[in-house]
Amino acid sequence: MHTDVIGAVLLGTAVVLLATTGLVIGVLRGDRLRLAQAPSAVVFTGAGLLATGIDPRIGVVVIAGGLVLHACWDAVHWWSERVVQRSFAEWCGVLDLTVGVGLLLLL
(Lines give C-alpha, C1' and ligand atoms only; values in the text may rest on other atoms or scores of the structure.)
Protein backbone atom coordinates (compact mmCIF):
# COMPACT_ATOMS: atom_id res chain seq x y z
CA MET A 1 0.00 0.00 0.00
CA HIS A 2 2.80 2.39 0.87
CA THR A 3 4.31 1.81 -2.59
CA ASP A 4 1.00 2.68 -4.24
CA VAL A 5 0.89 6.06 -2.51
CA ILE A 6 4.48 6.89 -3.45
CA GLY A 7 3.84 5.84 -7.04
CA ALA A 8 0.69 7.91 -7.27
CA VAL A 9 2.53 10.96 -5.94
CA LEU A 10 5.42 10.48 -8.40
CA LEU A 11 3.11 9.98 -11.35
CA GLY A 12 0.94 12.93 -10.35
CA THR A 13 4.01 15.12 -9.99
CA ALA A 14 5.26 14.12 -13.44
CA VAL A 15 1.89 14.94 -15.01
CA VAL A 16 1.61 18.30 -13.24
CA LEU A 17 5.17 19.28 -14.18
CA LEU A 18 4.60 18.30 -17.79
CA ALA A 19 1.36 20.24 -18.04
CA THR A 20 2.80 23.29 -16.29
CA THR A 21 5.92 23.32 -18.42
CA GLY A 22 3.91 22.83 -21.59
CA LEU A 23 1.54 25.65 -20.79
CA VAL A 24 4.06 28.12 -19.41
CA ILE A 25 6.96 27.81 -21.83
CA GLY A 26 5.46 25.83 -24.70
CA VAL A 27 7.61 22.72 -24.43
CA LEU A 28 4.79 20.64 -25.88
CA ARG A 29 5.33 22.46 -29.17
CA GLY A 30 9.08 21.76 -29.08
CA ASP A 31 11.18 19.16 -30.82
CA ARG A 32 11.00 15.37 -30.46
CA LEU A 33 13.56 15.17 -27.68
CA ARG A 34 11.37 17.31 -25.46
CA LEU A 35 8.24 15.40 -26.39
CA ALA A 36 9.86 12.15 -25.27
CA GLN A 37 10.09 13.37 -21.67
CA ALA A 38 6.50 12.61 -20.61
CA PRO A 39 6.22 9.08 -22.03
CA SER A 40 9.61 8.25 -20.55
CA ALA A 41 8.53 9.42 -17.10
CA VAL A 42 5.35 7.37 -17.28
CA VAL A 43 7.18 4.23 -18.45
CA PHE A 44 9.91 4.43 -15.80
CA THR A 45 7.44 5.16 -13.01
CA GLY A 46 5.11 2.39 -14.11
CA ALA A 47 7.92 -0.16 -14.42
CA GLY A 48 9.24 0.68 -10.97
CA LEU A 49 5.81 0.44 -9.36
CA LEU A 50 4.97 -2.80 -11.11
CA ALA A 51 8.26 -4.44 -10.17
CA THR A 52 8.11 -3.24 -6.57
CA GLY A 53 4.55 -4.56 -6.24
CA ILE A 54 5.64 -8.00 -7.43
CA ASP A 55 8.84 -8.40 -5.38
CA PRO A 56 10.81 -5.67 -3.59
CA ARG A 57 14.17 -7.13 -4.69
CA ILE A 58 13.08 -7.11 -8.33
CA GLY A 59 11.82 -3.57 -7.79
CA VAL A 60 15.25 -2.46 -6.59
CA VAL A 61 16.89 -3.97 -9.68
CA VAL A 62 14.35 -2.32 -12.01
CA ILE A 63 14.69 1.06 -10.30
CA ALA A 64 18.49 0.82 -10.32
CA GLY A 65 18.36 -0.08 -14.01
CA GLY A 66 16.05 2.86 -14.62
CA LEU A 67 18.51 5.19 -12.92
CA VAL A 68 21.38 3.88 -15.04
CA LEU A 69 19.26 4.28 -18.19
CA HIS A 70 18.34 7.79 -17.06
CA ALA A 71 22.05 8.56 -16.78
CA CYS A 72 22.31 7.55 -20.45
CA TRP A 73 19.33 9.83 -21.21
CA ASP A 74 21.16 12.64 -19.43
CA ALA A 75 24.17 11.95 -21.66
CA VAL A 76 21.92 12.49 -24.69
CA HIS A 77 20.81 15.84 -23.24
CA TRP A 78 24.42 16.76 -22.48
CA TRP A 79 25.55 15.84 -25.99
CA SER A 80 22.67 17.57 -27.78
CA GLU A 81 22.72 20.66 -25.53
CA ARG A 82 18.90 20.65 -25.54
CA VAL A 83 16.05 20.46 -23.02
CA VAL A 84 18.25 21.26 -19.99
CA GLN A 85 21.51 23.08 -19.52
CA ARG A 86 24.63 21.00 -20.02
CA SER A 87 25.78 21.41 -16.42
CA PHE A 88 22.46 20.08 -15.11
CA ALA A 89 22.53 17.08 -17.46
CA GLU A 90 26.07 16.32 -16.32
CA TRP A 91 25.21 16.64 -12.62
CA CYS A 92 22.05 14.55 -12.95
CA GLY A 93 23.81 11.88 -15.01
CA VAL A 94 26.55 11.43 -12.43
CA LEU A 95 23.99 11.32 -9.60
CA ASP A 96 21.76 8.80 -11.41
CA LEU A 97 24.67 6.55 -12.29
CA THR A 98 26.08 6.67 -8.75
CA VAL A 99 22.75 5.89 -7.07
CA GLY A 100 21.83 3.20 -9.61
CA VAL A 101 25.14 1.36 -9.30
CA GLY A 102 25.09 1.86 -5.52
CA LEU A 103 21.66 0.23 -5.26
CA LEU A 104 22.85 -2.75 -7.27
CA LEU A 105 25.95 -3.11 -5.08
CA LEU A 106 23.88 -2.93 -1.89
CA LEU A 107 21.49 -5.58 -3.16
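Preceding this paragraph is the structure being described.
Owing to the predicted nature of the structure, the values given are computational and were not obtained by experimental measurement.

Conventions we followed
- Residues numbered from 1 in each chain as written.
- Predicted model: local features only at pLDDT ≥ 70, side-chain atom pairs only at ≥ 80, totals over all residues.
- Heavy atoms only, no water.
- Helix = DSSP H or I, 4+ residues; strand = E, 2+ residues; numbered from the N terminus.
- Expected span 1.5 Å × (residues − 1).
- Buried < 20%, exposed > 50% of the residue type's maximum accessible area, 1.4 Å probe, protein only.
- Arc of directions from axis to C-beta.
- Contact = heavy atoms within 4.5 Å.
- Axes fitted to C-alpha atoms, helices over the stretch in contact; angles between N-to-C directions.
- Parallel < 35°, antiparallel > 145°, perpendicular 65-115°, else oblique.
- Left-handed = near helix turned anticlockwise from the far one by under 90°.
- Nonpolar A, V, L, I, M, F, W, Y, C, P; charged D, E, K, R; others polar.

K.L.:
I tried to follow helix α5 (residues 86-106) on my own but got confused; where do I start?
P.N.:
Counting along an α-helix, one turn takes 3.6 residues, and residues three or four places apart therefore face a common direction. For α5, built from 21 residues, the straight-helix expectation of 30 Å at 1.5 Å per residue is met to within 8% by its first-to-last C-alpha distance of 30 Å. Every buried residue of α5 is listed here: Ala89, Cys92, Gly93, Asp96 and Gly100. Down the axis of α5, the buried set is contained in an arc of 105 degrees. They therefore lie on one face. Opposite the buried face of α5, at more than 90 degrees from it, the exposed residues are Ser87, Trp91, Val94, Thr98, Leu105 and Leu106. Tucked inside the fold, the buried residues of α5 contact α4 (56-80).

K.L.:
How do you make sense of the packing of α4 against α5 when you look at a structure like this?
P.N.:
The geometry of a pair of packed helices is captured by two quantities: the angle between their axes and the separation between those axes. Following both chains from N to C, one finds α4 and α5 inclined at 160 degrees, their axes separated by 8 Å at the closest point. Overall, the two elements α4 and α5 adopt an arrangement that is roughly antiparallel. Relative to α5, α4 is oriented so that their crossing is left-handed. For the pair α4 and α5, the contacting residues are Val60, Val61, Ile63, Ala64, Leu67, Val68, His70, Ala71, Asp74, His77 and Trp78 in the first and Arg86, Ala89, Glu90, Cys92, Gly93, Asp96, Leu97, Val99, Gly100, Val101, Leu103 and Leu104 in the second. Tallied by class, the residues present in the contact of α4 with α5 amount to 15 nonpolar, four polar and four charged.

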